[in-house]
Amino acid sequence: MLTEALLRPRDLSGSEHYHPVHRAPPGVPSGRCYGWVGYREATDSRCRGREGPLARRALITGITGQDGSYLAEHLLSLGYDVWGLVRGQSNPRVPRVRDLLADVKLVRGDLLDQGSLIAAVERAQPDEVYNLAAISYVPMSWQQAELTGEVTGLGVLRVLEAIRVCSGISASRTPGRGQIRFYQASSSEMFGQVRESPQTEATSFHPRSPYGVAKVYGHFLTQNYRESYGMYAVSGILFNHESPRRGSEFVTRKVSLGVAKAKLGLERQLRLGNLSASRDWGFAGDYVRAMQLMLAQDEPADFVIGTGITHTVQSLVERAFEVAGLDWQDHVVCDAAFIRPAEVDQLCADASKARQRLGWEPLTGFDELVTMMVESDLKLLSGNGGYQDGSFGHDVW
Ligand code: NAP
Ligand code: G4F
């Protein structure tokens with residue numbers, strides 16, 4: 001596999017790569033920074049081999065996470081050659097990736113280690129890099145604020161630098177045909193204490209957690225690499241998206257597991273924090289389609305991705321217990337230990353730009369999503385294998 005990867009004809013060398021292409025796509029100002037060509041053209045340039053078309057190759061950081069698994073499945077279904085970055089010597093989540101995604105090739109690397117990222121990009125030789133890796137649990141970002149800044153914030157810089165260095169891009173060498181395209185997983189947490197509702201790509205940021213602040217850094221850095229070096233680097237500002245693969249620390253999964261435990265008589269109480277916060281919840285499987293579409297445009301641009309419909313945590317709870325034929329008030333207890341030092345009270349996306357330019361639409365509604373998660377957890381907990389809950393319990397600030 002290594003030999004095959006090294007022999008693949010990526011455009012990482014040669015004059016074509018190191019010099020700007022002066023033909024800017026429609027609507028893009030011509031100039032030094034926009035030395036890139038369209039997706040189809042770049043794809044075609046990789047299809048000239050004697051042995052027929054080459055699949056586009058993607059490297060996904062965060063492959064062991066919720067979005068990493070859905071994105072890998074989606075890209076494989078489109079015929080991509082998919083590589084995933086995994087960290088650690090004996091990462092317990094790797095066997096799950098191997099079971100679920102047997103066709104994904106894994107490469108070691110850590111967002112804290114610049115050299116490992118350069119080596120991973122050199123090894124995988126990707127056309128597209130999706131940076132999904134992060135410390136993504138908001139409460140943990142108060143407990144480990146510095147680590148969150150390092151991984152969720154500076155980690156973006158390290159991935160961009162790995163691409164820049166491996167591609168030979170500098171202030172005087174702009175990217176050329178077939179450059180590596182970069183996707184950054186930005187977040188609606190950046191809007192924080194929202195200035196307007198619904199939120200668009202133009203809404204200003206007021207993050208409310210160290211996580212949100214780190215994401216703002218990664219977001220602006222991605223924009224800066226696009227403007228400074230002409231890199232095809234974009235951010236998807238994704239609103240909350242959930243699935244049966246969601247970590248049990250997040251409220252939707254905590255609730256679906258809590259409902260299943262109550263229904264099966266395994267636990268009676270479900271302890272939650274702020275029930276009045278509102279979120280725009282969608283299905284992760286729908287949102288990964290938008291990530292791929294963002295890297296398939298002629299022009300790099302950032303997009304808000306969400307459903308445009310918002311629900312309170314309480315309505316999530318009501319719906320989830322209803323699916324199992326239970327009354328939430330018999331089970332839910334409000335526990336101050338889950339209240340955050342600063343809360344994001346409400347989020348609601350205006351994804352008009354994505355609908356118009358990407359043709360993206362969410363296909364799964366809120367009720368369907370909650371039903372899917374509760375039914376999946378009922379099945380999981382009824383099965384012989386049982387379930388080892390990885391959640392930490394109370395959050396101590
Ligand atoms: P997730 O399930 O928490 O996955 C996070 C991933 O990051 C895991 O694969 C984890 O690997 C990896 N990771 C953590 N630290 C790392 C490090 N130092 N080096 C390399 N990898 C590291 O998150 P998700 O829900 O899939 O979200 C994906 C991305 O989208 C994240 O950046 C998140 O902040 C962002 N986002 C998510 C949502 C949402 O609602 N889901 C919304 C907006 C933005 P291990 O398995 O090794 O821990
Ligand atoms: O599910 P959550 O922990 O998600 P949160 O904080 O909105 O963050 C998620 O979405 C972001 C996008 O906006 C991502 F960037 C981020 O990585 C992550 O995926 O909490 C949702 C709401 C909050 O208002 C919280 O206070 O639910 C409220 N909540 C109430 N009780 C609870 C609980 N949240 C959790 N996790 N646990 C509770 O017991």
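Refer to the structure presented above.
Residues numbered from 1 in each chain as written. Chains lettered and ligands numbered in written order. Predicted model: local features only at pLDDT ≥ 70, side-chain atom pairs only at ≥ 80, totals over all residues. Heavy atoms only, no water.

Counted according to the given criterion, the structure contains 16 salt bridges. A salt bridge links Arg319 to Asp367; its shortest N-O distance comes to 3.6 Å. Of this pair, Arg319 sits in helix H12 (residues 313–323) while Asp367 sits in helix H14 (residues 366–382); the two residues are 48 residues apart in sequence, bridging distant segments of the chain. Counted as one network, the salt bridges with shared partners bring together Arg57, Asp81 and Lys105. (Salt bridge = Lys/Arg side-chain N within 4 Å of Asp/Glu carboxyl O. Helix = DSSP H or I, 4+ residues; strand = E, 2+ residues; numbered from the N terminus.)

Here the focus is the site of ligand 1. Close to ligand 1 lie 25 residues; Thr64, Arg87, Arg93, Ser136 and Tyr211 are nearest. Here Thr64 contributes a side-chain N or O atom positioned 2.5 Å from an oxygen atom of ligand 1. Between an oxygen atom of ligand 1 and a side-chain N or O atom of Tyr211, the distance comes to 2.6 Å. Isolated, ligand 1 exposes 900 Å² of accessible area, and the fraction of that covered by the protein chains is 92%. If one sorts the elements of the shell around ligand 1 by residue count, strand S5 (residues 181–187) sits on top with 3 residues. Residue composition of the shell around ligand 1, grouped by class: 9 nonpolar, 10 polar and 6 charged. (Near = heavy atom within 4 Å. Polar contact = N/O pair within 3.5 Å; in protein donor to acceptor, adjacent residues only side chain to side chain. Areas by Shrake-Rupley, 256 points an atom, 1.4 Å probe, with all protein chains shown as cover. Nonpolar A, V, L, I, M, F, W, Y, C, P; charged D, E, K, R; others polar.)

Taken together, 23 residues surround ligand 2, and among them Ser187, Ser188, Tyr211, Arg340 and Glu343 come closest. Within the side chain of Ser188, a nitrogen or oxygen atom sits 2.6 Å from an oxygen atom of ligand 2. Lys254 places a polar side-chain atom, nitrogen or oxygen, 2.7 Å from an oxygen atom of ligand 2. Looking at side-chain class alone, the shell around ligand 2 contains 10 nonpolar, 6 polar and 7 charged residues.

A separate point is the nonpolar core. Counting 72 residues, the largest nonpolar core has Ile60, Tyr130, Tyr183, Met294 and Ile305 as the members making the most contacts within it. Element by element, the count of residues in this core is highest for H14, at 7 residues. Excluding anything up to four places from it in sequence, Tyr130 contacts Ala58, Leu59, Ile60, Thr61, Leu71, Leu75, Tyr80, Tyr183, Met291, Gln292 and Leu295. Listed in part, the 27 residues of the second largest apolar core include Ile135, Cys166, Ile180 and Met231. (Core = buried A, V, L, I, M, F, W, Y, C linked by side-chain atoms within 4.5 Å. Buried < 20%, exposed > 50% of the residue type's maximum accessible area, 1.4 Å probe, protein only. Contact = heavy atoms within 4.5 Å.)

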